[in-house]
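An overview of the molecular structure
One letter stands for each residue in the lines below.
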Amino acid sequence: MSTAVASENVLELDCVTKTYGGEPAVENLSLEVRDGEFLALLGPSGCGKTTTLRLVAGLETPDLGEVRIAGSSVAGQGKTVKPEERDVGLVFQEFALFPHMTVEENIAFGLEDDDNGRVDEMLELVGLEGHRDKKPDQLSGGQRQRVALARSLAPEPEVLLLDEPFSNLDVSLRVRMREEVRRIVKEAGVTTVTVTHDQEEALSISDRVGVMRDGRLEQVGRPEEVFQTPESRFVADFLGHASFVSGKVDEDGVSTPLGKVGMANVEGLTPAYEGAEVDLLVRPDDATALPPDGEADGRIIHRRYDGPSFTYRVELPNGDTVHCMHNHTESFEIGDEVDVRLELDHPLAWYPAENTA
Amino acid sequence: MRRGEDTVRLPTRDEIRKRLREANTARAGLAALSAVLALLIVSPMLWIVWEASTVETPRAYELVVSSQTASITANSIALMLAVTFFSILLGVPLAFLTTRTDLPHPRFWTVVAALPLVIPSYIGAIAFVSMFGSGGEFDTFLGVSLPRVEGLSGAIFVITLYTYPYVFLTTRAALVSVDSSLFDAARTLNRGPVESFRRVTLPTIRPGIAAGALLAALYAVSDFGTPAFMQASVFTSMIYWEFENYNTPVGYAALLALQLVAIVAVVLVIEAGIGRDEDASGGEGEGSIIRLGRWKWAAMGFVGLLGVVTLVVPVAVFTVWIFRSEGDRIPALEFHPEFAFNSVYLALLAAVVACLFALPVAYYSGRANSFVSRVLERATYVGFAVPGVVIGLALVFLGLNTLPSLYRQGVWLLVFGYVVRFLPQAVGTVRSSVLQIDDSTIEAARTLNAGRLETFRRVTLPMIAPGMVAGAILVFLTTIKELPITLMVRPIGMETLVIKVWQAHDALAYRYAAIPALLLILISGLSMLVLLRQEGGIR
C-alpha cells in the first residue's frame, strides 16, 4: 500500500492497565497497529494477551490508559464505547457460531437489513458457497472457522481480532488454515490482531510479532527480527530452541568454550563491555557437531530425530548445553565426544550472564 | 472345571447351545415378569375408564358439557397457564441473575431460589390461607387491606411460589451450558445487549425454559392440596369433593378424572413435540458478565424477599402456632408421635415395594433395548402423568367393586397406590445404573467361570445397588408428603402427618397443623440434600 493512509495507525493502545482483584492482567501496555497490518500477540497462557484482545473489543474496560480505533478514543478518559459501536470484529477461540442459525444467517447477523450481496461476497471469500444453508454442527472444524471469519468480516470492521484462532483445529489442519486465514485477511485488507501461544504460528502468520509476559509487552518487531535478536532471555526462550553459551568479553570479541566469537559477530557489542561475563544465544541451526580434533568440546547427551533432521544436545565441560541441528545423514550416538562449530552467518544476540549457583 | 488345569477348555457346541437356551429362557422370564408388573401398574387406569363407561351416554354427555364442567375446565386451564406464565416470569430472570451477573454469593442465592421446590405447595397453602385468607390472621397490614389469598387467584399465587424453581433450575442449566461467548460475539457484531439476548441467548436457552415450564404446568394441573385448601374449583379438588359428598363415588368423578388426564396428555404431547434440544455447545467461555452496580442490592433484596415469603413465612407461622393455644381443644387433632411413625412406616413400605417392582422392569429395559422393553418401561411411567387424585379415585373403584377385603382394611392397597404414583423415580434411577453396566463387565465375569446367577449376585447387583438405594430414598421422601391417595385410600384409623394437616384445615383449627407441617418441611429439606448429593451439588 502506498497511499498516505497506509502508514496511519488504526489501533492504538496507550499505557493500558487492567487488573482483576488487585492482580494486573495487563500492565502499562502501549501498542500501535498500522492500517492493513497483521500483528500477532504471542505469550504463554495467562500473560494477558486475551485480556488485551477483550479490551480492544470492548468486552472489558481498562482501569487506566486509552484505546483508540481509527483515531478516535473508544476507552479511557472516563468514557467507554460499547462493543457494538466500536467497528471491531472478534473471532472467538471456540468460534461462538450461533447454533440455531444457518451459515448464511450467522454471516448476515452483523449486517444491516440482510445485505445478501455482502453475504455472497463473504461466502465466496472463504470458499463456502455450497454450505450457506447448513447449521454449524454440520460443518467441520475448518469450515466453522471460515464461517466465524466471514461473520466477523461481513460488517467491514476497522480491526479484526483473532483469539487463539487455530487452537481448536487438528494439528494437520492448522498449518493449512494459517495460510488460508492470512490470505483471507490480506484479501479483505483489514487490520488484524491475532493472539496465540504458538511461536511457530505467530512467526509464520504475521507481519509483526509482539511477545507478552506477565501483562507486559516485552518486544515488538518483524518475526525474523524478534527471532534473531530477542531483547530478553524470556523472548529468546519463548521463541524456542534457545541455548546459551557463556563467555567473557575481551578487546576483540567474546571468549567461549567453543572458541573466540569476534566483536562483529555479536549484536551490538562494543569494547566498552570488556571484562563482562555474557551469555550468547545459540540456536540449533547456528551450531554443528563435528568429530573431535584433539580434545573434544563436549559430549552428546541427547538425540532427537524428527524426520528431516537430527538435533543433538551437547553438554560442555562448564555445564552449558548447546543444540546442534544436522541433516539426517550425519549421525552420532549418545555419549560420543564431539567438537562444536558455530556457523556465524549472522550476529548472535547476547545477555548479561546469569549468576547461577 | 478341574483346578490346576493349565489350558482353558473351550466349550463344546452342545454347551454353547445350552447356554444360549438358558439365556433366552432367562430373558423371556424377565420380559414376562416386566409385563406382569407393567400391567399391574396400568390397571388402575382401566378402572377409571370402566367406571366412566357405566354412565349412560346421554347422561355422560350432559355432564361433560354442563356449565359446571365448563367452569372447572376453564379454571384448571387458567390455573395451569397462569402458573406457567408467572413461573417463567420469576424463574428466567432469577436464572439469569445467578449465572450472568456479578450478584454476590451466587451459590447461596441459587439454593435460596431453588429451595421452595422441596416444600409441598399445600404446606405453603395452609400457611398462607390461615394468615391471609378470609378469617385469617391478617386482613390488613398497617391499615392497608391486603388482597385475600384464596380461591383460584390464591391457588395460582401459592403454586407459582413453589413451582417456579422448575423453570429456574432448567433455565439455569441451559444458561450454564450455553457458551457465553455467543453473547459477546453478538455484541462485537454491532448488536446491543438487549438485541443480543433476544436473538442469540434466548433461542439457545428456549428448550431449557420450555422443559421447566412444562414441569410447572404439569404440577399445577395435577396439584390437589393447594386448590383444595384455597377452595378453588379445579379438576383435582372437584374430583375429591365428588368422591367425598357421595361417599359411593359416581361416574361424574370418573368423567372429570378422564378429562384431567386428557389435559395432562395434551401437555405431554406438546413436551414430546418440543423435545430435547441438545445443540447447545458446552463451552466454558469466560464471557463477560453484567455488572449490576447498585442494582445488586435490589436483586439480592428481591431473591431474599422471595425466600422469606416461600420459606420463612410458613416456618414462622407454624412455629408461632405451636406456642399458641386458643380456641377449643380438639383432642382428636392433638399431635401424637404415632402419626409420624405411621408416615414413616407407609413410606418405607412404598420404597421397598417400588424398588422390587423397579428392578426387573429397569433391568430388562436397560439390558434389552427392544420395542417391547421400551413399551413396558414407559407403561410404568404412568404415575408421572396421572395426577395423584386420579390414582386415588381409581383405587377407590378397584377397592369398592373388586377387592372390598383390601379397601381401607390394611395398608396394601394404599402402598400399591404409592408405588403406581412414584415408581417412575425408582425405575429411572435403577435404569440409569443398569445402563452404566458394560456388556463386557458381565462377559468378563462369565469368562471367569461365574454362572449367570452368580454373575448377577456378585457383579450386577452390587453395581445397581446405588441406583436402587437412591430410588428408594426418592420414593420414601415423596411418599411421606403424598396427600390425595393417602386421603382416599388409607385404612380406617390410620392417621399420618399429612392427614393431620388436612384435618386441621378441615376443622379450621390451623394450630394443629403446625407440628406435622414442620416435620414435613424438615423431611422435604432432607430430600433436597439427597437430591443435591445425587447430582454432585449445584455448580
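Residues numbered from 1 in each chain as written. Chains lettered and ligands numbered in written order. Predicted model: local features only at pLDDT ≥ 70, side-chain atom pairs only at ≥ 80, totals over all residues.

**Here's the deal with the overall build of chain B**
Applicable threshold: Counting from the N terminus, the helices are the DSSP runs of H or I reaching at least four residues and the strands are the DSSP runs of E reaching at least two. Three exposure classes are used, based on other C-beta atoms lying within 10 Å of a residue's own C-beta, which is placed from the backbone: buried for 20 or more, exposed for 12 or fewer, and partly exposed in between. In this description, any two residues whose backbone-derived C-beta atoms lie within 7 Å of each other are considered to be in contact.
On a plain count of helices and strands, chain B comes out with 22 helices and two strands. Buried residues in chain B amount to 46% of all 539 residues. Of all intrachain contacts in chain B linking residues separated by at least 6 positions in sequence, the fraction that spans at least 24 positions is 81%.

**A word on the overall build of chain A**
Looking only at helices and strands, one finds eight helices and 21 strands in chain A. Projected onto its principal axes, the C-alpha positions of chain A cover 80 × 45 × 45 Å. Every one of the 357 residues in chain A was classed for burial, and the buried ones make up 41%. Across chain A, contacts joining residues at least 24 apart in sequence account for 67% of those joining residues at least 6 apart.

**Side note on unusual backbone geometry**
The phi angle at Glu164(A) is positive, at roughly 40°, despite the residue not being glycine. Inspection of the secondary structure puts Glu164(A) in the loop between β8 (159–163) and α5 (171–188). Residue class for Glu164(A) comes out buried when judged on the 20 C-beta atoms lying within 10 Å of it. Its identity as a non-glycine residue notwithstanding, Gln231(B) has a phi of 60°, on the positive side. By the C-beta count within 10 Å, which is 15 here, Gln231(B) ends up partly exposed.

**Description of the domain arrangement of chain A**
Residues and elements named next belong to chain A. Rules: The source of the domain bounds is an automatic or database domain assignment. Note that Gly is not counted as nonpolar here; it falls among the polar residues with everything else outside the nonpolar set of Ala, Val, Leu, Ile, Met, Phe, Trp, Tyr, Cys and Pro and the charged set of Asp, Glu, Lys and Arg.
Considered domain by domain, chain A is made up of domain 1 (4–87 + 157–237) and domain 2 (241–352). Counting residues at the interface gives six residues for domain 1, matched by six residues for domain 2. Top element by residues in the side of domain 1 that touches domain 2 is helix α8 (residues 233–238). It accounts for three residues. Taken together, the residues that form the side of domain 1 that touches domain 2 break down as two nonpolar, two polar and two charged.

**Remarks on helix α6 (residues 151–177) of chain B**
To be explicit about the condition: Working rule for helices: expected span equals 1.5 Å times residues minus one. One axis is fitted to the seven residues ending at the residue and one to the seven starting there. The bend at that residue is the angle between these axes.
For α6(B), spanning 27 residues, the distance from its first C-alpha to its last is 40 Å, which sits close to the expected 39 Å at 1.5 Å a residue. The largest bend along α6(B) reaches roughly 45° and is located at Leu161(B), with the proline Pro165(B) sitting one to four residues downstream.

**A short note on the nonpolar core**
What counts, and what does not: Residues enter a nonpolar core if they are buried, belong to Ala, Val, Leu, Ile, Met, Phe, Trp, Tyr or Cys, and are joined to the set through C-beta atoms within 7 Å.
Within the largest apolar cluster, 255 residues are counted, with the highest numbers of intra-cluster contacts made by Leu161(A), Leu280(A), Ile126(B), Ala354(B), Ala358(B) and Leu393(B). Once you skip the residues sitting within four places of it in the chain, Ile126(B) turns out to touch Phe229(B), Val501(B), His505(B), Tyr510(B), Ala513(B) and Ala517(B).

**Things to note about the pairing of strand β5 (residues 72–76) of chain A**
Residues and elements named next belong to chain A. The condition that has to hold: Being paired, for any two strands, means DSSP has found at least two bridges between them.
One ladder, built from three bridges, connects strand β4 (residues 64–69) with β5; its direction is antiparallel. Within the sheet, the bridge partner assigned to Val67 lies in β5 and is Ala75. Connecting β4 to the antiparallel partner β5 that follows it, the hairpin turn spans two residues, and Ala70 within it adopts a positive phi of roughly 50°. Sheet analysis places β5 next to strand β6 (residues 79–80), joined by two bridges and oriented antiparallel. Residue Ala75 lies in a different strand from β6, and its bridge partner there is Thr80. In this structure, the hairpin formed by β5 and β6 is closed by a connection of two residues, where Gln77 is found at a positive phi of approximately 55°.

**Let's talk about the interface of chain B and chain A**
Every contact between the two is made by 21 residues of chain B and, on the other side, 18 residues of chain A. Counting residues per element, the ones that place at least two in the side of chain B that touches chain A are α7 (181–188) and α8 (193–222) of chain B. By residue number, the principal contributor to the side of chain B that touches chain A is α7(B), which donates seven residues. Considering only residue class, the side of chain B that touches chain A consists of seven nonpolar, nine polar and five charged.

**Overview of the sheet that holds strand β19 (residues 321–327) of chain A**
Residues and elements named next belong to chain A. Heads up, the condition is: Axis lines are fitted to C-alpha atoms, over the contacting stretch for helices. Their N-to-C directions set the angle, which ranges from 0 to 180 degrees.
With antiparallel pairing, five strands are arranged side by side in an open sheet as β16-β20-β17-β18-β19. The strands lining the two open edges of the sheet, one partner per strand, are β16 (287–290) and β19. Here the average twist between neighbouring strands, direction ignored, is 40°.

**Let's talk about the environment of Val65(B)**
All names here are of chain B. Topologically, Val65 is positioned in helix α2 (residues 57–65). Assessed through the 9 C-beta atoms surrounding it within 10 Å, Val65 is described here as exposed. Note: C-alpha distance between Val65 and Leu311 (246 residues apart in sequence) is 41 Å.

**Section: the sheet that holds strand β1 (residues 9–20) of chain A**
All names here are of chain A. Read across the open sheet, the five strands follow the order β2-β1-β4-β5-β6; overall the sheet is antiparallel. Only two strands of the sheet have a single partner each, and these edge strands are β2 (23–34) and β6. Sheet strands in contact with helix α1 (residues 49–57) are β1, β2, β4 and β5, and its direction is about 65° off that of β2.

**Things to note about the pairing of strand β7 (residues 88–91) of chain A**
Residues and elements named next belong to chain A. The alternating pattern of β7 places Val88 and Leu90 and Gly89 and Val91 on opposite faces, both of which are buried. The pairing of β7 with β8 spans four bridges and is parallel. Residue pairing in the sheet places Val91 in a bridge with Leu162 of β8.

**Section: the domain arrangement of chain B**
Residue and element names in this part refer to chain B. Split into domains, chain B comes out as domain 1 (48–323) and domain 2 (326–539). In this complex, domain 1 contributes 35 residues to the contact, which on the side of domain 2 involves 31 residues. Elements supplying a minimum of two residues to the side of domain 1 that touches domain 2: α1 (13–53), α4 (106–114), α5 (121–132), α9 (225–230), α10 (235–246), α11 (251–274) and α12 (295–322). Ranked by the residues each element gives to the side of domain 1 that touches domain 2, the list is headed by α11, at seven residues. Looking at the side of domain 1 that touches domain 2, its residues break down into 28 nonpolar, five polar and two charged.

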